Amino acid sequence: MVRRGNTPTRKDVAKLAGVSETVVSYVLNNNRYVAKEKRERVLDAVEQLNYRPNNVALALKGKRTNHILFICDNISNEYFGGLVEEMARLAADRGYLISLMGSRNDESFVSQVCSRVFDGIVISSTSFEEKYVLRLINTGTPVVLLMNREYDNISGRAAKIYTGIHDGIKECVELLYKMGRRHIVYIDRVSKKRHFSTMDDWRYNGFITKMQECGLKVTKDNVIVGYETEDELYQALRAKLKAGLQVDGIVGRNDSLACLAMAAVKDCGLRIPEDTAVLGFDNSRLSRYSSPGLSSVELNRPAIAQAIMDAFEQMDNDGEPPVIYFKGHIVERESTKME
């Protein structure tokens, strides 16, 4: 037995259970088959020794951890912080904790998540590969996907919540088109790892689709993409405008990029919105306090948070993973309002 005051180790668990440390690892990580009798001996030893993380053993015995993991692309993004805040308010009433984690698109990150036990996982990431999403689903943990991209092989295996991203971007293009703007540009993400948008991405897809529906030609000049930092993107857009690129409407992937575009436009002596109208996405504090005020798409975060928690409850009760749709709406400010 372990001496009093000493922290038990995996070796202690293995000795008490009469198995190897490898078998203990398989049981705690739940990533290999272990015979029922050995598995039960390991779990009993974990409880007797109060081995940490004890929540793993409890969860493997069918008990709850009351812990939900939220994986997103950028934890500093105000939208995710606001959404998790809404979820935390609801989760507190149900006895849950919410953890927000930035995604890493690699095996090590996925293995770390799989080695822990959660009652639910929310994924809102355009860069997190589908094969890794499937790995998390295959652990048996209920998964909710916030659909900022499309997945080809996950039908019916996870809850899907369409937050309004696709239609929101399309409404931005439609508003600019109704204003008479015909030279519309999309400001895409920056990425040090060079993860740039494709048609699987709902924001990019919405822009391209609506441009085509409006009969507007889409060329390489219509998408500002391929830059690793915001400063690189700013300098590139400014150079294009100085060189004569005609732009009378801009849709930013988010409010930060839209404000960056507004700064480049103003630096080139163009007026907003008279010469170039600009829209962002997420309706963050930045959009309200920029100069001029930035028109932006707002998503219904309280309703989305409620839908996430309800989806987990439905799946916990052996219900089918739901598919839920929301619509965003444009909050208009000075960047698109003509006097």
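Basis of the calculations
- Residues numbered from 1 in each chain as written.
- Predicted model: local features only at pLDDT ≥ 70, side-chain atom pairs only at ≥ 80, totals over all residues.
- Heavy atoms only, no water.
- Buried < 20%, exposed > 50% of the residue type's maximum accessible area, 1.4 Å probe, protein only.
- Helix = DSSP H or I, 4+ residues; strand = E, 2+ residues; numbered from the N terminus.
- Arc of directions from axis to C-beta.
- Contact = heavy atoms within 4.5 Å.
- Polar contact = N/O pair within 3.5 Å; in protein donor to acceptor, adjacent residues only side chain to side chain.
- Pairing = 2+ DSSP bridges.
- 1 Å grid on protein atoms, 1.4 Å probe; cavity = no way out; pocket = protein on both sides within 12 Å on 5 of 7 lines; lining within 4 Å.
- Points joined across faces, edges and corners; volume = space filled by probe spheres on them.
- Nonpolar A, V, L, I, M, F, W, Y, C, P; charged D, E, K, R; others polar.

Visitor: I tried to follow helix α6 (residues 107-114) on my own but got confused; where do I start?
Guide: What sets the pattern is the α-helix's 3.6 residues per turn: residues three or four places apart point alike. Considered for burial, the residues of α6 that qualify are F109, V110 and V113. Buried residues along α6 cover an arc of 95° about the axis, so they all sit on one side. Residues of α6 that are buried sit in contact with β1 (67-72), β2 (97-102), β3 (120-124) and α7 (130-137). Between the side-chain oxygen at the start of α6 and the backbone nitrogen of F109 there is a gap of 2.8 Å, and the oxygen is on D106.

Visitor: Please explain the sheet that holds strand β12 (residues 329-331) as it appears in this structure.
Guide: Two orientations exist for strands paired in a sheet by backbone hydrogen bonds: parallel and antiparallel. An order of β7-β6-β8-β9-β10-β12 is seen for the 6 strands of this open sheet, with the pairing classed as mixed. Two strands lie at the open edges of the sheet, namely β7 (223-224) and β12, each paired on one side alone. Relative to β7, strand β6 (residues 184-187) runs parallel, the two being bridged by 2 bridges. Looking at the pairing, Y186 lines up with V223 of β7.

Visitor: Explain the layout of surface pockets here, please?
Guide: Empty space left among the atoms is revealed by rolling a probe the size of a water molecule over them. Its boundaries defined by the atoms lining it, the largest pocket holds a volume of some 1000 Å³. Taken together, 36 residues make up the lining of the largest pocket; nearest its centre are D73, N74, N77, V190 and N254. Elements with a contribution of two residues or more to the lining of the largest pocket: α5 (78-94) and α11 (255-267). Taken together, the residues of the lining of the largest pocket sort by class into 9 nonpolar, 15 polar and 12 charged.

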